There are 2 protein chains.
Amino acid sequence: MIPNRLQLLRQKMADHDIHALIIPTSDFHDTEYVCDYFGARKHFSGFTGSAGVLVVLDDQAGLWTDGRYFIQAAKELQNTGVDLMKMGMKETPSISQYILENVKPGQKVAFDGRCVSMQDFESYQKDFADKDLEIVTDLDLAGEAWPDRPALPASKTFHYEDKYTGKSVEDKLAEVRAIMKDKGARSHVTSKIDEVAWLYNLRADDIPSFPVALAYTLLTENGGALYIDDSRLDEVSRKLLEDNGIEIKPYDAIYEDVETLEGPVLLEKDFINSRIGRAVKKPLWDDNPIQLLKACKNPVEVDGFKEAHKRDAVAVIKFWKWLEEEMAAGHPVTEISAREHLGKLRQEQPEFLEDSFETIAAYGPNAAMAHYHPDEENPVPLEAHGFFLVDSGGHYLPGTTDITRTFVMGPITDEERDGFTRVLKGHINLAKAVFMKGARGLNLDLFARQPLWAEGQDFNHGTGHGVGAMLSVHEGPNGIRWRIVPERKDSCVLDVGMVTSDEPGLYEEGKFGIRHENLLVVAPYKETEYGEFLKHDVLTMVPFDVRGLNLDLMSDEEIDWLNNYHKTVYDTIAPRLSQKEAAWLKEKTAPIHR
Amino acid sequence: MIPNRLQLLRQKMADHDIHALIIPTSDFHDTEYVCDYFGARKHFSGFTGSAGVLVVLDDQAGLWTDGRYFIQAAKELQNTGVDLMKMGMKETPSISQYILENVKPGQKVAFDGRCVSMQDFESYQKDFADKDLEIVTDLDLAGEAWPDRPALPASKTFHYEDKYTGKSVEDKLAEVRAIMKDKGARSHVTSKIDEVAWLYNLRADDIPSFPVALAYTLLTENGGALYIDDSRLDEVSRKLLEDNGIEIKPYDAIYEDVETLEGPVLLEKDFINSRIGRAVKKPLWDDNPIQLLKACKNPVEVDGFKEAHKRDAVAVIKFWKWLEEEMAAGHPVTEISAREHLGKLRQEQPEFLEDSFETIAAYGPNAAMAHYHPDEENPVPLEAHGFFLVDSGGHYLPGTTDITRTFVMGPITDEERDGFTRVLKGHINLAKAVFMKGARGLNLDLFARQPLWAEGQDFNHGTGHGVGAMLSVHEGPNGIRWRIVPERKDSCVLDVGMVTSDEPGLYEEGKFGIRHENLLVVAPYKETEYGEFLKHDVLTMVPFDVRGLNLDLMSDEEIDWLNNYHKTVYDTIAPRLSQKEAAWLKEKTAPIHR
């Protein structure tokens, strides 16, 4: 099947005299998870992972992906004619090297300029200059060779009310325009769909767990346009846009419009798609103004997050109680049935929209796999020992949640217990750290890792990611990691209202996986003659499973923090529970002592 | 006096048609503290602080300096005709702005290109392009207008033996050339005097507390040259250079030689002086190869540092005992007399060369001043209450030390006690942190600040600086600070053998100053399937004054660390003391309990 598809694709390449085609996993908006319309990389390679780049040459093809996917990709690429290119391995050439080695000087290389950021475009341009390769970006060859391509999503939009957003479209437009003015820009274009959604208080259902619409916006000093198929717009939003002087134009019309912009146009190289970036006559490369405004939740949004987390806590606490009772009764529970039950409990909560990402429910050694996907045909039954890791979250109209709990199903080994304890120590130390204004996730990360590093252990992922308000559950520019990774752009200075996850973990292949995750929101702490200090407030309101702890490894301060947290959880959530549920929660939140 | 000097200077400016002259505080080698020959800024402004830039225009002049010096500079600049320009204040123009505002288009601006780094030259060039100003860099106008200018230093060099350096000149040359080759450079030039000293195992006495010679070096694939007045060279070094194919050339000859270099020349923009940087035809801008090699002390150097710290501990412990006894006996002790006695005790130690910086000995509120210089005419007597802060260090042939202790002179306030305790908590938490290879000071800094930040307190300086081996007591590229400050270049990835200070503090103006400083050296910790982990070993071997502690604020782990450290101090140093001294140290290192 794949060879036939590639044959068709190579015909189209030949029609246009193209000798190398790059197909990234991306849409026109630099979105983390793409919808089916943008599944060309999967369609032409057979590889189903969430990240990878396919490169097709005249007589060979390669698929670049990272360590998470080496095993899966090797299996899926068998007999496709596509070679696996293991990223991060010394012997693996870069995409540019591979193309430079196999294409003759002056030949043409193509990719859809809309699916590649300006930053990446310039990097290819630099690489290919050596051999004088011509870059063609205005063709959609994958589309031409994909007869049964799924349609672009076209869900109906809805107005996301000011009682949730805390800020009107009028005020947001004024804020963005003030930044534009400050930077000397006469207009601003963004192709980021969460930024468009934030700016116009607009939501939709184009991508699972990401309640927004595929759209662009162009903003000028006095006007602007939203680029979206007109039929998709709800009436409230249409009126609101009209009142604010924002035109509604066809999705594709952005590309013609940007060519006509006269003054400096504010654009961010990492985020803007290169077809737009290159069409602009006078680009002013700088930070996207909306990103930081969006990240700093206003007081109404923070209150919304708190309320969403209370509702979410009710669902997760009921889930845990159900899980214990089912197991105690000897009823069969599987990873899949548990996940489904949790989903049902969330759906019962008021103003619940959808899961904020696909729930990870992994029992025992399965939890050691970073991107575990259960085999739905053969559900794994839970047993009365070891850990059950559940990482899940919801979009509620007032806010978005993301929580991981590692449940103790029965007896555990000393190794499991000590690991569980050290991960929680790290979680607590990060949560209780205070910081002077100016601090970044880079400065805080080691609070979470120190208890593990002291034992020569580590987890191979960031400690925290920013969380959007009814947008993407992963957003920048805030985040918590220890290495400087410039291209991630998630290590900004932390400021009041930013929501970030606190999720250290420990993964022992073939044995177990542990993760403890709460969401935190930055809040004022103290202002003194030394400066302005900030802290994190905990949003998540669900107890940790203290049966997993080795109290000998914990400091008094850590135990105090945990007891205080559990008291707050009980006081906050018990009033929303039945008497029986509250009594159960009382036990789960009882103070612990050495 | 200053007006007359400025008048003469302006005559010379007029002779060369110069309308703005920039005089930085710098020598030709980007050295932190300059010798008298490079005192032009002081000579023509009257300002004696360690940092500042003088700008002289036709009819006005300005002196830029930072917050440490605002009060002192205001006093010293009175009636000089030089205006104080307070750096960091909103209303203060930058040097370039000031010049651009006061000089006509096309006019000439001058500075000595040898005293300005390539990086700064390019920044001026960019600024002045707007008004088409011509930059003149080959004149030494300050020198022309300074008849009684002190001579360049010309101390005799000495060979720094391999038993101390642990690496021969031959091996060092091979290492540097390997890096040159790797980067595709055919030669390398450095104007950093500590790098020259390191490369040739050469020391001298040109600058107080910085035992090196003013010199440059040029290294090619097979040869090279050391630029230094021939008469200054000792015979051992002369022979060694000859054996290694390094020519000895006059100090100034570097400037002609670099013009003749054909292949790519490896240079670092931040460090190379701009006259050299601009004379090179094919510069290859990259990191200075010697800096990192120099920072990672080899095992012989680490052993040397340990031995130097033992000798230094003997001096400091004897000093503390003397101080207590003098005070108990009611003898008058002043900041000055204490400093002198400490100096004498260091001089008694074997292979002591000189202080590694000017001792800070500050009693009571004086210690709150960041750059306290005692009035030698009116020595401040020590009293039997409050704190006495002593920050000092020595160059011993085997290694360099830097230690701060805050001595408790008698009763202290609760505020002093709690501050003393929190600073020590931070010191301990940083010292005991372990870290995966790849971590930087940026990641570790908050361990030191967290106990202070929790109370809304802070110290307004870095937590740690790199320390050279019989070179500068301040060196990069390692350091510990929390803010990203690119131009400081002191936040590199930490690696085995790097020596860094751990010196948090707390300063309450008009009340007290506290600082606790040890030197740490990076050592291997663990290698596991998760990666390579490192730790810090403590070099300094002097007890902290536990009478300043509020044990209720300390965790069990912190008290354990302190008791273990004190036990190590006693076990290590007591054998080098008299019986009486050892008994005294026993008391000072006795375990503490809550």
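Refer to the structure presented above.
Residues numbered from 1 in each chain as written. Chains lettered and ligands numbered in written order. Predicted model: local features only at pLDDT ≥ 70, side-chain atom pairs only at ≥ 80, totals over all residues. Heavy atoms only, no water.

Draft legend 1. Structural context of the relation of the copies chain A and chain B. Between the two copies, chain A and chain B, the superposition gives an RMSD of 0.0 Å; the rotation angle is 180 degrees and the shift along the axis is 0.1 Å. Both copies are brought into coincidence by an operation consistent with a two-fold rotation axis. Closest approach to the rotation axis among the C-alpha atoms of chain A is made by N443 of chain A, whose C-alpha sits 2.4 Å away. Comparing interface residues between copies, 100% of those in chain A also lie at the interface in chain B; the contact surface is shared. (Least-squares fit on C-alpha atoms with pLDDT ≥ 70 in both. Contact = heavy atoms within 4.5 Å.)

Draft legend 2. Fine view of the sheet that holds strand β18 (residues 394-396) of chain B. All names here are of chain B. Strand order across the open sheet formed by three strands is β15-β18-β19, with antiparallel pairing between neighbours. Every interior strand has two partners, whereas the edge strands, β15 (352-355) and β19 (399-400), have only one. Relative to β19, β18 runs antiparallel, the two sharing two bridges. The residue bridging Y396 from the neighbouring strand is G399, located in β19. (Pairing = 2+ DSSP bridges. Helix = DSSP H or I, 4+ residues; strand = E, 2+ residues; numbered from the N terminus.)

Draft legend 3. Spatial organisation of the interface of chain A and chain B. On the side of chain B, 36 residues touch chain A, which itself brings 36 residues to the contact. Where chain A abuts chain B, roughly 2,800 Å² becomes buried across the two surfaces, and 56% of that area is made up of carbon and sulfur atoms. Linking chain A with chain B are zero salt bridges. Where chain A meets chain B, there are 14 residue pairs in polar contact (both at pLDDT 80 or more). (Buried area = accessible area lost by both parts, 1.4 Å probe. Salt bridge = Lys/Arg side-chain N within 4 Å of Asp/Glu carboxyl O. Polar contact = N/O pair within 3.5 Å; in protein donor to acceptor, adjacent residues only side chain to side chain.)

Draft legend 4. View of the packing of aromatic side chains. This structure, assessed with the given rule, holds 47 aromatic pairs over all chains. Aromatic side chains F47 of chain B and Y69 of chain B sit 5.5 Å apart centroid to centroid with 80 degrees between the ring planes, which places their arrangement in the edge-to-face category. One end of the pair, F47 of chain B, is in the loop between α2 (40-45) and β2 (53-57); the other, Y69 of chain B, is in the loop between β3 (61-65) and α3 (70-76), and 22 residues separate them in sequence. Residues F47 of chain B and Y69 of chain B agree in their burial class; the two are buried. Measuring from centroid to centroid gives 5.5 Å for Y160 of chain B and Y164 of chain B, while their planes differ by 15 degrees, and the two rings are stacked. Here the two residues Y160 of chain B and Y164 of chain B agree in accessibility, since each one is buried. Taken together, the aromatic side chains of F28, Y37, F38, Y216, Y251 and Y255 of chain A make up a single cluster linked through ring pairs. One cation-aromatic arrangement involves K586 of chain A over Y570 of chain A; the distance from NZ or CZ to the ring centre is 4.4 Å. In this arrangement the basic side chain of R449 of chain B is found over the ring face of F459 of chain B, its NZ or CZ atom lying 3.9 Å from the centre. (Phe/Tyr/Trp six-rings, centres within 6.5 Å; stacked < 30°, edge-to-face > 60°. Buried < 20%, exposed > 50% of the residue type's maximum accessible area, 1.4 Å probe, protein only. Lys NZ or Arg CZ within 6 Å of the ring centre and 35° of its normal.)

Draft legend 5. Structural detail: the pattern of salt bridges. Evaluation of the coordinates by the stated rule reveals 86 salt bridges over all chains. Salt-bridge contacts for K269 of chain A lead to E122 of chain A; the nearest nitrogen and oxygen are separated by 3.0 Å. One end of the pair, K269 of chain A, is in the loop between β13 (265-267) and α12 (274-279); the other, E122 of chain A, is in helix α5 (residues 118-129), with 147 residues separating them in the sequence. Note on K269 of chain A: relative accessible area 22%, which makes it partly exposed. Among the ionic pairs, D445 of chain B bridges to R449 of chain B, the shortest N-O distance being 2.5 Å. Here D445 of chain B and its partner R449 of chain B are both found in helix α17 (residues 441-453), four residues apart, which amounts to about one turn of the helix. Neither residue differs from the other here; D445 of chain B and R449 of chain B are each classed as buried. The network of salt bridges with shared partners includes D194, K294, K297 and E475 of chain A.

Draft legend 6. A look at the nonpolar core. With 155 residues, the main nonpolar core has F319 and F388 of chain A together with F319 and F388 of chain B as its most contacted residues. Residues contacting F388 of chain A, with those up to four places away along its chain left out, are F319, L323, E335, A338, A361, A362, Y363, L382, R405, T406, F407 and M409 of chain A. (Core = buried A, V, L, I, M, F, W, Y, C linked by side-chain atoms within 4.5 Å.)

Draft legend 7. Summary view of helix α18 (residues 556-573) of chain A. All names here are of chain A. The terminal C-alpha atoms of α18 lie 26 Å apart, and with 18 residues this matches the ideal 26 Å at 1.5 Å per residue to within 8%. Residues of α18 that are buried include every one of E558, I559, W561, L562, N563, Y565, H566, V569, Y570 and I573, and no others. Buried residues in α18 make contact with α14 (299-328), β20 (403-408), α16 (414-432), β27 (518-528), β28 (531-538) and α19 (579-588). (Expected span 1.5 Å × (residues − 1).)

Draft legend 8. Molecular detail of unusual backbone geometry. Geometrically, the link from G476 of chain A to P477 of chain A is a cis peptide bond, its omega value of 0 degrees lying close to zero. Summarising the element assignment, P477 of chain A is placed in strand β23 (residues 475-480). Backbone geometry places S209 of chain A, a non-glycine residue, at a positive phi of 70 degrees. Of note, S209 of chain A is situated in the loop between β9 (202-203) and β10 (216-220). For S209 of chain A, a relative accessible area of 16% gives the class buried. Positive phi is not limited to glycine here, since E351 of chain B has a value of about 60 degrees. Tracing the backbone shows E351 of chain B in the loop between α15 (335-347) and β15. With a relative accessible area of 30%, E351 of chain B lands in the partly exposed category.

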